[in-house]
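Structural features, examined
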Amino acid sequence: MKRKLLALLLGCLLLTGCSYTRERCTDVAMYEADRARIGSAAEMMPALSELGEYRELRYARKQTVDLIFCTDGLALFADYEPAAYAAQKERLHAGLSFASAPLTDPCDPGYVLLAGDFIHRGYLMQAVPDERYASWGGACKSFMLVGFNDEACSIAWLYHYNLDLDFIASEGQDPAEAMRRRIDDYFLWRGK
C-alpha cells in the first residue's frame, strides 16, 4: 500500500511539471563559448567585439529543466554613455528584423508564438525570430529579444532556446505578459 501511495505521489509530482535550474553562470568570460554551443545563439547574439564602447557588461546563462524538457536562456546587458548608446541602438534597428506584431501559429492563429514589442523592467523588448524556425511555425523555439532602456542607456540581448516549446500564449492570454513570465522564469535578469 505504501509503495502504491509513493508511486502515485511521484507520478503526480512529475505530471505537475517539476522545474529546476540545472546550470547557471554569470561569468562574462564564458559568454563566447556559451554563444557558440547553444542553438542559434552564435548567429543571433552579438559577439563581444560587436558591442562598441560600453561602460559595463553583465552576462548570465540559465538552463532550466521542466520535467524532461530543457530551456536555455542567455542574457547579455551592456550599459553605454548616451552618444554610444544612441549609435548602438541605431545600428541594431538598421541591422535586425524585429517582429512588429505578435507572430501566430500559421495552422492555428489562436496560439501566439512570439510577442511583438512589450515593456519589461524598464526595457522596451523587441523580438527577433530565428528564421530557421519561424518559417515553419516554430518561432517560439529559438528567438532573441533585444531590450532598450533609454533612461539607463542600457541594451539587453536575451536568447531563448527550447525545441520542445509549442507556443508562448494561447487564445485569451496576453502575449506580452506571457513573455514577461518567460523572461522571469528562464533567464537570470541582470538589467539596471
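Calculation notes
Residues numbered from 1 in each chain as written. Predicted model: local features only at pLDDT ≥ 70, side-chain atom pairs only at ≥ 80, totals over all residues. Heavy atoms only, no water. Helix = DSSP H or I, 4+ residues; strand = E, 2+ residues; numbered from the N terminus. Buried < 20%, exposed > 50% of the residue type's maximum accessible area, 1.4 Å probe, protein only. Contact = heavy atoms within 4.5 Å. Areas by Shrake-Rupley, 256 points an atom, 1.4 Å probe, with all protein chains shown as cover. Pairing = 2+ DSSP bridges. Expected span 1.5 Å × (residues − 1). Arc of directions from axis to C-beta. Polar contact = N/O pair within 3.5 Å; in protein donor to acceptor, adjacent residues only side chain to side chain. Salt bridge = Lys/Arg side-chain N within 4 Å of Asp/Glu carboxyl O. 1 Å grid on protein atoms, 1.4 Å probe; cavity = no way out; pocket = protein on both sides within 12 Å on 5 of 7 lines; lining within 4 Å. Points joined across faces, edges and corners; volume = space filled by probe spheres on them. Nonpolar A, V, L, I, M, F, W, Y, C, P; charged D, E, K, R; others polar. Phe/Tyr/Trp six-rings, centres within 6.5 Å; stacked < 30°, edge-to-face > 60°.

1. Observations concerning the overall build of the protein
The helix and strand inventory of the protein stands at six helices and nine strands. Across the 192 residues that make up the protein, the buried fraction comes to 47%. Sequence separation of at least 24 residues holds for 66% of the intrachain contacts in the protein that already meet a minimum separation of 6. Per element, the accessible surface of the protein, about 10100 Å² overall, is 56% carbon and sulfur.

2. Observations regarding the pairing of strand β9 (residues 154-161)
Remark: a regular strand shows side chains that alternate across the two faces of the sheet. In terms of residue burial, β9 counts as a mostly covered element, since eight of its eight residues are buried. Alignment of strand β8 (residues 142-149) against β9, held across eight bridges, turns out to be antiparallel. In the sheet register, F143 faces β9, and the bridge partner there is H160. Counting the residues in the hairpin turn of β8 and β9 gives four residues, including C153, whose phi is positive at 55°.

3. Overview of helix α6 (residues 175-186)
Its twelve residues give α6 an end-to-end C-alpha distance of 16 Å, which sits within 8% of 16 Å, the value for a rise of 1.5 Å per residue. Among the residues making up α6, those that are buried are P175, A176, A178, M179, R182, I183 and Y186. Take α6 and look down its axis: the buried residues cluster within an arc of 160°, on one side only. Backbone nitrogen of A176 and a side-chain oxygen of the N-cap are separated by 3.2 Å at the start of α6; the cap is D174.

4. Here we look at the pattern of salt bridges
Overall, the coordinates contain eleven salt bridges when judged by the stated rule. When the shortest N-O distance is used, the salt bridge between R37 and D34 registers 3.5 Å. Of the two residues, R37 and D34 both sit in helix α2 (residues 31-37), three residues apart, roughly one turn of that helix. Ionic pairing is found between R58 and E56, a salt bridge with its closest N-O pair at 3.7 Å. Residue E56 is classed as partly exposed on the basis of its relative accessible area, which comes to 35%. Three or more residues joined by partner-sharing salt bridges are found here, namely D34, R37 and R61.

5. With respect to the pairing of β8
Along β8, eight of the eight residues are buried, which leaves the element largely enclosed by surrounding structure. Neither face of β8 is open: one carries S142, M144, V146 and F148, the other F143, L145, G147 and N149, and all of them are buried. When strand β7 (residues 123-129) meets β8, the two strands line up antiparallel, connected through six bridges. Counted as the bridge partner of Q126 is V146 from β8.

6. Examining the layout of surface pockets
Estimates place the volume of the largest pocket at around 240 Å³. Together, 15 residues line the largest pocket, and E43, M44, E50, L96 and M144 are the ones closest to its centre. Elements that contribute at least two residues to the lining of the largest pocket include exactly α3 (41-44) and α4 (82-95). Considered class by class, the residues forming the lining of the largest pocket number nine nonpolar, two polar and four charged.

7. Here we look at the packing of aromatic side chains
Under the defined criterion, the tally for this structure stands at seven aromatic pairs. Ring plane angle 75° and centroid distance 6.0 Å describe the contact between F77 and Y123, whose orientation is recorded as edge-to-face. One end of the pair, F77, is in strand β3 (residues 69-79); the other, Y123, is in strand β7, and 46 residues separate them in sequence. Its relative accessible area of 0% is what places F77 among the buried residues.

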